[in-house]
Amino acid sequence: MREPAVLAVHAILRRGPSVLLGLRQGTGWADGRWHLPSGHVEQEPALTALVRESWEELGVIVDPAHAHLVHALHYWGRPSRLNLFFEVTGWDGDPVNAEPHKCADVHWFDLQKLPRNMVGYAEQALSCYERGVPYSEWGFVAARAA
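Here the structure is a predicted model, which is why all the values come from computation and not from measurement.

**Observations concerning the pairing of strand β7 (residues 80-88)**
Now for step 1: Inspection of the sheet shows strand β1 (residues 5-15) paired to β7 by 9 bridges, in the parallel sense. Considered in β7, the bridge of isoleucine 12 is made with glutamate 87.
Now for step 2: Examined bridge by bridge, strand β6 (residues 67-76) and β7 share 8 bridges and lie antiparallel to one another. The residue of β7 that forms the bridge with leucine 69 is phenylalanine 86.
Now for step 3: In this antiparallel pair of consecutive strands, β6 and β7, the connection spans 3 residues.

**Observations concerning the environment of glutamate 57**
Now for step 1: Tracing the backbone shows glutamate 57 in helix α1 (residues 46-58).
Now for step 2: For the pair glutamate 57 and lysine 102, spaced 45 residues apart in the sequence, the C-alpha separation amounts to 8.9 Å.
Now for step 3: Setting aside residues up to four positions removed in sequence, glutamate 57 forms contacts with Pro37, Ser38, Val96, Asn97, Ala98 and Glu99.

**A short note on the layout of surface pockets**
Now for step 1: Approximately 640 Å³ is the volume found for the largest pocket.
Now for step 2: At the level of secondary structure, the elements contributing two or more residues to the lining of the largest pocket comprise β1, β2 (18-24), β4 (38-40), α1, β7 and β9 (103-110).
Now for step 3: Looking at the lining of the largest pocket, the element that brings in the most residues is α1, giving 5 residues.
Now for step 4: Tallied by class, residues from the lining of the largest pocket come to 10 nonpolar, 9 polar and 9 charged.

**Things to note about the environment of tryptophan 138**
Now for step 1: Structurally, tryptophan 138 is set in strand β10 (residues 135-139).
Now for step 2: Residue tryptophan 138 is classed as buried on the basis of its relative accessible area of 16%.
Now for step 3: Measuring from C-alpha to C-alpha, the distance between tryptophan 138 and alanine 122 comes to 9.9 Å, with 16 residues separating the pair along the chain.

**Let's talk about the packing of aromatic side chains**
Now for step 1: Overall, the coordinates contain 4 aromatic pairs when judged by the stated rule.
Now for step 2: A ring pair is formed by tryptophan 29 and tyrosine 121, whose centres lie 6.4 Å apart and whose planes are at 45°; its orientation type is tilted. Highlighted residues: tryptophan 29 in the loop between β2 and β3 (34-35) and tyrosine 121 in helix α2 (residues 120-131), separated in sequence by 92 residues.
Now for step 3: Their ring planes at 85° and their centres at 5.3 Å tell us that tyrosine 75 and tyrosine 121 sit as a pair that is edge-to-face. Within this pair, whereas tyrosine 75 is found in strand β6, its partner tyrosine 121 is found in helix α2, the two being separated by 46 residues in sequence.
Now for step 4: The buried category is assigned to tyrosine 121, whose relative accessible area is 7%.

**A closer look at the pattern of salt bridges**
Now for step 1: One pass over the full model with this rule turns up 4 salt bridges.
Now for step 2: When the shortest N-O distance is used, the salt bridge between glutamate 44 and arginine 52 registers 2.5 Å.
Now for step 3: The class for arginine 52 is buried, based on a relative accessible area of 18%.
Now for step 4: Here arginine 52 ties to glutamate 53 by a salt bridge, and the two come within 2.9 Å at their closest N and O atoms.

What counts, and at which threshold
- Residues numbered from 1 in each chain as written.
- Predicted model: local features only at pLDDT ≥ 70, side-chain atom pairs only at ≥ 80, totals over all residues.
- Heavy atoms only, no water.
- Pairing = 2+ DSSP bridges.
- Helix = DSSP H or I, 4+ residues; strand = E, 2+ residues; numbered from the N terminus.
- Contact = heavy atoms within 4.5 Å.
- 1 Å grid on protein atoms, 1.4 Å probe; cavity = no way out; pocket = protein on both sides within 12 Å on 5 of 7 lines; lining within 4 Å.
- Points joined across faces, edges and corners; volume = space filled by probe spheres on them.
- Nonpolar A, V, L, I, M, F, W, Y, C, P; charged D, E, K, R; others polar.
- Buried < 20%, exposed > 50% of the residue type's maximum accessible area, 1.4 Å probe, protein only.
- Phe/Tyr/Trp six-rings, centres within 6.5 Å; stacked < 30°, edge-to-face > 60°.
- Salt bridge = Lys/Arg side-chain N within 4 Å of Asp/Glu carboxyl O.

Rendered as C-alpha cells:
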C-alpha cells in the first residue's frame, strides 16, 4: 500500500547567527512550543507555499530565488508528513507576528541557544541544517531514539 503524506514547508529566516521562531498558541497542536514559520502545501508548488506562508505568518515577501532547500524530514506517523526546510537569505519587509491568533510571539534565537520548548522535529531539522545533513526522519521509531 502506498504511503500517503502531507507536504509542509518551513522557512529558516537567518539574521547573522540567529533564526526566527514563533511561539505557537491557540491551534491545538504544539501550543506553547517554538517552531519555524511553516505551513501545509495546498494545491501549489512548494516554493509558492513558502512564499504564501511567509506572507501570512510574518508579513514578509520572500523571493523564491532567495529560498534554498537545505533539509528534508520525513515525519513518520498517521498521516506521514514530508517536511521541506528552506533557508531564506533575503526578503522584503520586517518580520512581524501577522497571525496573533496562532502565534503568541516571534523572536530571533541564536542557533547555538535555541529555546528548550521547541517542536522536536524542528529542533532536529535545525541541527541537521547546521551540520549540512540533507535528510532525516522523525516519528514512532525516530522519536524514541532522539
